[in-house]
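Below are the chains, spelled out letter by letter.
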Amino acid sequence: SSNLIFNPILTLLYSNADPCTARGCKWKRNRNGLVYVPYVIANQYSPDEIQVIKRGLQSFTEVSCIRFVPHEGQRHFLHIQSDSGCYSYLGRQGGGQVVSLQRPGCVHHYIVQHELLHALGFHHEQNRSDRDKHIKILFENIIPQQEHNFMKRKTNNLATPYDYNSVMHYSRYAFSRNNEPTMVPIPDSNAVIGEARNMSPNDILRINRLYCGINTYLGPVA
Ligand SMILES: [Zn+2]
């Protein structure tokens, strides 16, 4: 399946699927309660960039049961590399899967966290099933062919509130074709959205609920 894994177009297809029920995309929990996610960092980055990436990987250790560990022959792993753009597949795909952090644009702490959260199975915040109560999408301002980034998903929100400050929330002008907002918060249209530079408490809570044994249940993943 390496052809599939290396085709970025398929990111969209997988995003449309119901990945965790259909494909078993949760990473498995070890008997000791930790969830080990092996990674390889491609030989494309400067020492400074590697530090940023490693700090992003390490940031999950401090707040959850997720442990990103260097790949040592495990079957399933993340292949972090500088491909075109910042992207990741949703949840565990099987075998090696790309997490693209294009240098230099994508090598920032919050983007590393963002793409890793996709790899753990989390959608964008503005794709949540309940988003229409919190955000109005202005489709007329979105670049044509990019509307899919604003589609509503069937998500498992893990009993966490909609969070403008999630590292998974796009900014107000994401994919704008005319410098007008593509998303406006409800009811306070001036609320700050999508400016997080670190995982929010809700981002952390969701990881813990999905993976670490706090109120977890099988179902469509957020
Ligand atoms: Zn994303």
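Residues numbered from 1 in each chain as written. Predicted model: local features only at pLDDT ≥ 70, side-chain atom pairs only at ≥ 80, totals over all residues.

As annotated in an unreviewed UniProt entry, the chain carries the name Metalloendopeptidase and comes from Sinocyclocheilus rhinocerous.

Asker: Looking at this structure, I do not really get the pairing of strand 1 (residues 35–41). What am I missing?
Answerer: Along any regular strand, the residues point their side chains to alternate faces of the sheet. Bridge count between strand 1 and strand 2 (residues 66–70): five bridges; the pairing is parallel. Its bridge partner lying in strand 2, Y39 is registered against P70. For the crossover from strand 1 across helix 4 (residues 47–58) to strand 2, the handedness is right-handed. One ladder, built from three bridges, connects strand 1 with strand 3 (residues 77–81); its direction is parallel. Across the sheet, residue Y39 finds its bridge partner in strand 3, namely L78. (Pairing = 2+ DSSP bridges. Helix = DSSP H or I, 4+ residues; strand = E, 2+ residues; numbered from the N terminus. Right-handed = clockwise from strand over helix to strand, strands pointing away.)

Asker: Is there a simple way to think about the nonpolar core in this case?
Answerer: Among soluble globular proteins, nonpolar side chains are generally buried collectively. The biggest cluster of nonpolar side chains holds 33 residues, and the ones touching the most others in it are Y39, I66, L78, V99, L101, L116 and L120. Sorting the residues of this core by element identifies strand 1, helix 4, strand 2, strand 3, strand 5 (96–101), helix 5 (109–119) and helix 6 (201–211) as the ones contributing at least two each. It is helix 5 that provides the largest number of residues to this core, a total of four residues. Two domains each put at least three residues into this core: domain 1 (2–121) and domain 2 (124–222). Residues Y164, Y170, M183 and I193 belong to the second largest nonpolar core, which totals five residues. (Core = buried A, V, L, I, M, F, W, Y, C linked by C-beta atoms within 7 Å. Buried ≥ 20, exposed ≤ 12 C-beta atoms within 10 Å, placed from the backbone. Domains from an automatic or database assignment.)

Asker: What is the right way to read the UniProt feature "binding site: Zn(2+)" (unreviewed entry) in the chain from this model?
Answerer: With numbering aligned to this structure, UniProt lists the feature "binding site: Zn(2+)" (unreviewed entry) at H114, H118 and H124. The residue H114 is located in helix 5 in this model. Those residues within four positions of H114 in sequence are excluded, and the remaining contacts are V167 and M168. Structurally, H118 can be placed in helix 5. Setting aside residues no more than four positions away along its own chain, H118 makes contact with S88, Y89 and L90. (UniProt positions renumbered as here; feature names shortened; annotations may be inferred. Contact = placed C-beta atoms within 7 Å.)

Asker: Please clarify how the environment of N165 should be interpreted in this entry.
Answerer: Structurally, N165 can be placed in the loop between strand 6 (135–137) and strand 7 (183–185). In this structure the C-alpha to C-alpha distance between N165 and E195, which are 30 residues apart in sequence, comes to 6.6 Å. Contacts of N165, omitting those with residues within four sequence positions, involve A196 and S200.

Asker: Teacher, can you tell me more about unusual backbone geometry here?
Answerer: Of note, the bond from R103 into P104 is cis; its omega dihedral lies within 30 degrees of zero at 0 degrees. Here P104 shows up in the loop between strand 5 and helix 5. The omega torsion of the bond from I186 to P187 falls at 0 degrees, within 30 degrees of zero and hence cis. Within the secondary structure layout, P187 lies in the loop between strand 7 and helix 6. With a phi angle near 60 degrees, F175 is a residue other than glycine that sits in the positive phi range.

Asker: What is the right way to look at helix 5 in this model?
Answerer: Since the α-helix packs 3.6 residues into each turn, any two residues three or four apart lie on the same face. Summarising burial for helix 5: eight of the eleven residues are buried, a large majority. For helix 5, every residue scored as buried is listed here: V112, Q113, H114, E115, L116, L117, H118 and A119. Positive phi shows up at G121, right after helix 5, with a value of about 115 degrees.

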